[in-house]
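# Tertiary structure, described
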Amino acid sequence: MSDTRGQATVELALVLPVVVVVVLLVVQVGLVARERVLVVHAARAAARAVAVDPTPAGARSAATEAVGSRDLDVGLTGDLSAGGLASVTVVSRPPMLPLLGRVLSRVEVRERLSVRVEGR
């Protein structure tokens, strides 16, 4: 009969760090996916607002109201006159978890939508 005392403890010590990193990675992917959905929603709200009020302040206000108080960069470009084609760009950085935050620190979520500006 061989001596196997402590084998499970050694196996746990070897496998546990890998399991923790995999779980954190799965959660981080979920956070990035959630941020993507919020940025798309904010861009759609900003584009709807720009169609009737083509001002950067109106686009920013509509985007932040749509997703709550988040740190969003909202840009407005294109022809803002009646009948013109305006483009709204919304950029955000998803929250980062410990350990993975340093590896994925440059990840940003971006959405760009174009809309025809209504006449006044």
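See the structure shown above.
Let me sum up the structure you'll find in this document.

What counts and how
- Residues numbered from 1 in each chain as written.
- Predicted model: local features only at pLDDT ≥ 70, side-chain atom pairs only at ≥ 80, totals over all residues.
- Heavy atoms only, no water.
- Core = buried A, V, L, I, M, F, W, Y, C linked by side-chain atoms within 4.5 Å.
- Buried < 20%, exposed > 50% of the residue type's maximum accessible area, 1.4 Å probe, protein only.
- Helix = DSSP H or I, 4+ residues; strand = E, 2+ residues; numbered from the N terminus.
- Contact = heavy atoms within 4.5 Å.
- Pairing = 2+ DSSP bridges.
- Axes fitted to C-alpha atoms, helices over the stretch in contact; angles between N-to-C directions.
- Expected span 1.5 Å × (residues − 1).
- Bend = angle between axes of the 7 residues up to and from the residue.
- Arc of directions from axis to C-beta.

## Side note on the nonpolar core
Of all hydrophobic cores here, the largest spans 20 residues; its most connected members are Ala 42, Val 50, Ala 63, Leu 72, Val 74, Val 88 and Val 90. Listed by contribution, the elements that provide at least two residues to this core are α1 (7-52), α2 (56-67), β1 (73-78), β2 (85-92) and β3 (109-116). For this core, the leading source of residues is α1, giving 8 residues. Every residue in contact with Val 50, bar those within four places of it in the chain, is listed here: Ala 59, Leu 76, Ala 86, Val 88, Val 115 and Val 117.

## Focus: the sheet that holds β3
Spatially, β1-β2-β3 is the arrangement adopted by the 3 strands of the open sheet, whose pairing is antiparallel. This sheet does not close on itself; its edge strands, each paired only once, are β1 and β3. Across the sheet, the axes of successive neighbouring strands diverge by a mean angle of 20 degrees, strand direction being ignored.

## Considering the pairing of β2
In terms of burial, β2 is a largely internal element, 7 of the 8 residues being buried. Note: β1 against β2, 6 bridges, orientation antiparallel. For Thr 77, the partnering residue across the bridge sits in β2 and is Ser 87. Connecting β1 to the next strand, β2, in antiparallel fashion are 6 residues, including Gly 83 with a positive phi near 85 degrees. As paired strands, β2 and β3 are joined by 8 bridges and run antiparallel to one another. Residue pairing for β3: Ser 92 is matched across the bridge by Val 109.

## Examining α1
Here α1 is 46 residues long and its end C-alpha atoms lie 69 Å apart, about the 68 Å a rise of 1.5 Å per residue gives. Considering bend angle alone, the principal kink of α1 is centred on Val 15 and spans about 35 degrees; proline Pro 17 follows within four residues of it.

## Notes on α2
Taking 1.5 Å per residue, 12 residues should reach 16 Å; α2 reaches 17 Å between its end C-alpha atoms and fits that length. Looking at α2, one finds that the buried residues are Gly 58, Ala 59, Ala 62, Ala 63 and Val 67. One side of α2 carries all its buried residues, which in axial view fall inside an arc of 140 degrees. Facing away from the buried side of α2 by more than 90 degrees, the exposed set consists of Ala 57 and Glu 65. Its buried side turned inward, α2 meets α1 and β1. Where α2 ends, the next residue or the one after it, Gly 68, has phi of about 85 degrees, a positive value.

Spatial relationships are all this shows, so hold off on functional conclusions.
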